[in-house]
Protein chains: 2
Amino acid sequence: MEVSVFLSDAPHLRILCLLRDEGAVSRAELGDRLELTRPRLLAEVERLVATGLIAEAGMAASRGGRRSTLVEIHPRLRFAAVDLGASSIDIEVVNGRLEPVAAYREAADIRSGPKVILQRVNDLLAKARIDGAYERLDAVGIGVPGPVSFRDGVPVSPPIMPGWDRYPVRELLAREHSCPAVVDNDVNIMAIGERHGGVAHSIDDFLFVKIGTGIGCGIHLAGAVYRGIDGCAGDIGHIQVDANGPVCSCGNAGCLEALFSGAALARDALAAARAGESPALAERLAASAELTARDVAEGAAEGDVTCIRLIRAGGRRVGGVLATLVSFANPSMIVIGGGLAQLGHVLLAEIRSVVYRRSLPLATGNLPVVLSELGSRAGVTGAAVLASDMAFEQAS
Amino acid sequence: MEVSVFLSDAPHLRILCLLRDEGAVSRAELGDRLELTRPRLLAEVERLVATGLIAEAGMAASRGGRRSTLVEIHPRLRFAAVDLGASSIDIEVVNGRLEPVAAYREAADIRSGPKVILQRVNDLLAKARIDGAYERLDAVGIGVPGPVSFRDGVPVSPPIMPGWDRYPVRELLAREHSCPAVVDNDVNIMAIGERHGGVAHSIDDFLFVKIGTGIGCGIHLAGAVYRGIDGCAGDIGHIQVDANGPVCSCGNAGCLEALFSGAALARDALAAARAGESPALAERLAASAELTARDVAEGAAEGDVTCIRLIRAGGRRVGGVLATLVSFANPSMIVIGGGLAQLGHVLLAEIRSVVYRRSLPLATGNLPVVLSELGSRAGVTGAAVLASDMAFEQAS
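Residues numbered from 1 in each chain as written. Chains lettered and ligands numbered in written order. Predicted model: local features only at pLDDT ≥ 70, side-chain atom pairs only at ≥ 80, totals over all residues. Heavy atoms only, no water.

Undergrad: I keep staring at the overall build of chain A and nothing clicks. Help me out?
TA: Looking only at helices and strands, chain A has 14 helices and 15 strands in total. Scaling as 2.2 N^0.38, a compact globule of 396 residues should have a C-alpha radius of gyration of about 21 Å, and chain A matches this with 23 Å. Taken over the C-alpha atoms alone, chain A extends approximately 75 × 50 × 40 Å along its principal axes. Taking all 396 residues of chain A together, 58% fall into the buried category. Excluding contacts between residues fewer than 6 apart, the proportion of contacts in chain A whose partners are at least 24 apart in sequence is 60%. Of the roughly 15,900 Å² of accessible surface on chain A, 50% is carried by carbon and sulfur atoms. Computed over 39 positive and 46 negative side-chain charges, the separation of the two mean positions in chain A equals 2 Å. (Helix = DSSP H or I, 4+ residues; strand = E, 2+ residues; numbered from the N terminus. Rg over C-alpha atoms; globule rule 2.2 N^0.38 Å. Buried < 20%, exposed > 50% of the residue type's maximum accessible area, 1.4 Å probe, protein only. Contact = heavy atoms within 4.5 Å. Areas by Shrake-Rupley, 256 points an atom, 1.4 Å probe, with all protein chains shown as cover. Lys, Arg positive; Asp, Glu negative; His and termini not counted. Charge placed at Lys NZ, Arg CZ, Asp CG, Glu CD.)

In structure tokens, the structure reads:
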């Protein structure tokens, strides 16, 4: 099984993660919190100061005895977080506390191939350096919209990424930026992000369902990403939900994402507008010559019954698959994210209704089904977490 | 998440498991195999001899230097392994190498309730003692046909076990036999058994699908049973596969096990016999006034097309659900067990066909879908493994 490589609970990792997630902490408090003996703690801290990963940050308030020195993640640390979508590049450069110091978003077609896309990533990062966001990077984390061999740092047979199969993404980024790099699936990094700074904070077992151009599921079990044997666990977009449904990009009929995804919703909205079933959609089509999920969301907000019906029908499809996964995996939370999460509470209500009706009562007794809190920042947040984990791990 | 409690890699556990699984081993080989220093190994072995868990077993063949003493699991050790089915009690008393020294099988209706059924278990174990199978037990492992809180050692809202909800099974067995006891779901113990001594030997990530009176799935991830947040992970029998299907015992319509299970197959066989669709089934019905899955298996073996059609239809239903689970979990093997595995290769071929056609190529590239090797002994084998794990763990 490919689980996260970051399962170590070595003292230096626990110190670094605590300082990353909570900011400056006194030596005394660190020792208490991590249950390390004083000599062991001092040795670890000294070593981390020497490697430049942490720095002293003044004196803590007195706890009664001698005042203890504060330590923090070194303010110089910088990580690059990259989230490649089917049609976008999102980049953040973050400091050691994972706070963004620079952010860039551009439209880009992943089908342009790895050379073009990675060159644009490197150009954006060069711009960030010129802008003063960093002098050197300590690690790069990148998410791509397809299956990844996490161990090898390469995409594997990604259906919507022609030219990327086994392309050495990790190796090339690491060489270009002279630092560790880590590559993961886009949905996995969104799940990691949501667990770090979103609605799944401190939840160990949950599913993150991305509904966007495609549909995928990030699986967290026992606090770690579960990737499956070939790195393609969570690839739920091609589950067949209707043998008589439309043909999918994968060649099979009736896949979940052929019935409900950004592209499917645009297709169904266009058909409804042309058939005269939806005044809201017909008006928007006349104005802009095309329709997107956003038009359906706006129509639904105005009370257009066809828009509401389209969202509900999609929610029922997603809910049916999730009911199956809940019976199978018995998670403690489901988070709905990705572009179509903008469809909001109409979508959520329908998903909830199907999940709660069709799964075992025991498995849904305490099961929140909620929207992502981080929205479009979930991916870069998770990529930054992965990058920092990698840098900290390699500091051992 | 409820994972197995047995994740420790303490040296005493590794020594005990190696001796349990491989028999007598010399001290020198133990040290090499477990990468323990000689003083550490000798201290651990001495302690385990003192506690009566292992014993010396003569001298090993010379490896060139001083001859090393063999050690083995103490020949006195005995574990009781109990597999409660919907309509049966299987018990084995095994030695420390998990070899059966006594075995009992009786018909029993789980709906008789916990007092009656556990009394029968205790009566059978008393008989085993009188028969000389043991003097005292070192641990008892028991599997029950319903969801279990592994942590609490109790069944939780088990649908086909009236009267068992939160009944203190573990506590009562432990008290009665003055030894540790462990309670798990029947499918989980079958999966553990198949991994210990069957086709999934040494496989870390696999699904064990039991098709019998009901349908359930044992999930092994990273070498441990995955039980989900409430202990009901793998409860796939009530996944809806046909909204217009027959009503299930759970009250919903079209659940997997309402369409294909021992009871569903008997129902469909009876209908086919009465409708004159199957000479093989009509003949058997005339002879015995009822039909079971075995009749369908025999009919299929004789080439009866209706019997073959019934098995194939069931295989398609199971295959459809498994295709979904393969896309989700990306396991490295699927094992088919339970009473209906006797339907054999007709069933297996249909399941394989659907799984391979409907799941992602990446996830099925190296995915064996195979029949259980242990058959009806999978449950007791797994219960024995769990019992010994528990006894070894508590010896720390």
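Undergrad: I tried to follow empty space enclosed by the protein on my own but got confused; where do I start?
TA: Which parts of space are left empty comes out when a probe the size of a water molecule is rolled across the atoms. Evaluation of the coordinates by the stated rule reveals 2 cavities of 30 Å³ or more. Of the pockets and cavities examined, the largest cavity occupies roughly 70 Å³. Along the walls of the largest cavity sit A:I219, A:L221, A:Y226, A:F328, A:A329, B:I219, B:L221, B:Y226, B:F328 and B:A329, which together make up its complete lining. Of all the secondary structure elements, the ones that give two or more residues to the lining of the largest cavity are β12 (215-221) and α11 (305-329) of chain A together with β12 (215-221) and α11 (305-329) of chain B. Partitioned by chemical class, the residues of the lining of the largest cavity number 10 nonpolar, no polar and no charged. (1 Å grid on protein atoms, 1.4 Å probe; cavity = no way out; pocket = protein on both sides within 12 Å on 5 of 7 lines; lining within 4 Å. Points joined across faces, edges and corners; volume = space filled by probe spheres on them. Nonpolar A, V, L, I, M, F, W, Y, C, P; charged D, E, K, R; others polar.)

Undergrad: Can you help me understand the packing of helix α6 (residues 186-197) of chain A against helix α14 (residues 378-394) of chain A in this one?
TA: All names here are of chain A. Two numbers describe how α6 lies on α14: the axes approach to 6 Å, and their chain directions differ by 85°. By the angle between their axes, α6 is roughly perpendicular relative to α14. Contacts from I189, M190, I192, G193, E194 and H196 of α6 reach α14 at A378, G379, T381, G382, A383, V385 and L386. Per-class residue counts for the contact of α6 with α14 are 7 nonpolar, 5 polar and 1 charged. (Axes fitted to C-alpha atoms, helices over the stretch in contact; angles between N-to-C directions. Parallel < 35°, antiparallel > 145°, perpendicular 65-115°, else oblique.)

Undergrad: Got a minute to help me understand the interface of chain B and chain A in this structure?
TA: How big an interface is tends to be reported as the loss of accessible area on association of its parts. Contact residues are listed per partner, giving 37 residues for chain B and 37 residues for chain A. Summed over both sides, the interface of chain B with chain A buries roughly 3,300 Å², with 64% coming from carbon and sulfur. Summed over the shared surface of chain B and chain A, the number is 0 salt bridges. Linking chain B to chain A there are 20 residue pairs in polar contact (both at pLDDT 80 or more). For the side of chain B that touches chain A, the secondary-structure elements that each account for two or more residues are β12, α11, α12 (344-358) and α13 (361-364) of chain B. (Buried area = accessible area lost by both parts, 1.4 Å probe. Salt bridge = Lys/Arg side-chain N within 4 Å of Asp/Glu carboxyl O. Polar contact = N/O pair within 3.5 Å; in protein donor to acceptor, adjacent residues only side chain to side chain.)

Undergrad: Explanation requested: the nonpolar core in the structure shown.
TA: One recurring pattern in soluble globular proteins: nonpolar side chains tend to sit buried together. Judged by nonpolar contacts, the single largest core of 97 residues is most densely connected at A:I211, A:F328, B:I211 and B:F328. Filtering out sequence-adjacent residues up to four positions away, B:F328 remains in contact with A:L207, A:C217, A:I219, A:A233, A:G234, A:I236, A:L325, A:F328 and A:A329. (Core = buried A, V, L, I, M, F, W, Y, C linked by side-chain atoms within 4.5 Å.)

Undergrad: I'm lost on the side chain of A:S388 in this one. Help?
TA: Residues and elements named next belong to chain A. Tracing the chain through its elements places S388 in helix α14. At a separation of 2.7 Å, a polar atom in the side chain of S388 contacts the side chain of R20. A polar contact is formed between the side chain of S388 and the backbone oxygen of V385, at a distance of 2.8 Å. Contact partners of S388, with chain neighbours within four places excluded, come to R20, F79 and L98.

Undergrad: Would you mind going over the relation of the copies chain B and chain A with me for this structure?
TA: Both copies of the chain are related through a single rotation about an axis accompanied by a shift along the same axis. Each copy superposes on the other: chain B lies on chain A with an RMSD of 0.0 Å after a rotation of 180° and an axial shift of 0.0 Å. Viewed as a symmetry operation, the transformation between the two copies matches a two-fold axis. Of every C-alpha in chain B, the one belonging to B:L325 sits nearest the axis of rotation, 3.8 Å from it. A share of 100% of the interface residues of chain B reappears at the interface of chain A, consistent with the copies meeting face to face through the same patch. (Least-squares fit on C-alpha atoms with pLDDT ≥ 70 in both.)

Undergrad: Quick question: what am I supposed to make of the sheet that holds strand β6 (residues 100-107) of chain B here?
TA: The strands making up a sheet are joined through hydrogen bonds of the backbone, oriented either antiparallel or parallel. All names here are of chain B. Read across the open sheet, the 5 strands follow the order β6-β5-β4-β7-β10; overall the sheet is mixed. Of all the strands in the sheet, the pair left with one neighbour each is β6 and β10 (181-185). Strand-to-strand twist of the sheet, defined as the mean angle between neighbouring strand axes without regard to direction, takes the value 15°. Bridging between strand β4 (residues 78-84) and strand β7 (residues 139-144) involves 5 bridges; their strand directions are parallel. Bridge pairing links D83 to G143 in β7. Packing against the sheet, helix α4 (residues 114-130) makes contact with β4, β5 (88-95), β6 and β7, and its axis sits at approximately 35° to β5. In the packing of helix α6 (residues 186-197) onto the sheet, the strands contacted are β4, β7 and β10, and the crossing angle to β10 comes to about 100°. (Pairing = 2+ DSSP bridges.)

Undergrad: What's the story with the pattern of salt bridges in this structure? I'm lost.
TA: Two side chains carrying opposite charge are able to pair once their charged atoms lie near each other. Tallied over the entire structure, the rule returns 56 salt bridges over all chains. Linking A:R20 and A:D389 is a salt bridge whose minimum nitrogen-to-oxygen distance equals 2.9 Å. Note that A:R20 is positioned in helix α1 (residues 11-22) and A:D389 in helix α14, a separation of 369 residues in sequence. Its relative accessible area of 14% is what places A:D389 among the buried residues. B:R284 serves as the salt-bridge partner of B:E302, at 2.5 Å between the closest nitrogen and oxygen. Placement of B:E302 in the loop between α10 (293-301) and α11 and of B:R284 in helix α9 (residues 279-288) is noted, with a sequence separation of 18 residues between them. Here B:E302 falls in the exposed class, since its relative accessible area comes to 54%. Note on B:R284: relative accessible area 13%, which makes it buried. By sharing partners, the salt bridges in this structure join A:R284, A:D295, A:E298 and A:E302 into a single network.

Undergrad: Would you take a moment to explain the packing of helix α4 (residues 114-130) of chain A against helix α5 (residues 169-177) of chain A for this structure?
TA: When two helices pack together, you describe them by how their axes are tilted relative to each other and by the distance separating the axes. Residues and elements named next belong to chain A. At a minimum axis distance of 12 Å, the contact between α4 and α5 shows a crossing angle of 30°. As summarised for this structure, α4 and α5 are arranged roughly parallel, according to the angle between their axes. Considering how the two elements wind past one another, α4 and α5 form a crossing that is right-handed. On α5, the residues that touch L118, N122 and L125 of α4 are V169, L173, E176 and H177. For the contact of α4 with α5, the class distribution of residues is 4 nonpolar, 2 polar and 1 charged. (Left-handed = near helix turned anticlockwise from the far one by under 90°.)

Undergrad: Can you help me understand the sheet that holds strand β14 (residues 334-337) of chain A in this one?
TA: Residues and elements named next belong to chain A. Spatially, β13-β12-β11-β14-β15 is the arrangement adopted by the 5 strands of the open sheet, whose pairing is mixed. Across the chains shown, the open sheet's two edge strands, defined by having one partner strand only, are β13 (224-225) and β15 (369-371). Where strand β11 (residues 206-211) lies against β14, 4 bridges are found, and the strand directions are parallel. Bridging from a neighbouring strand, F208 pairs with V335 of β14.

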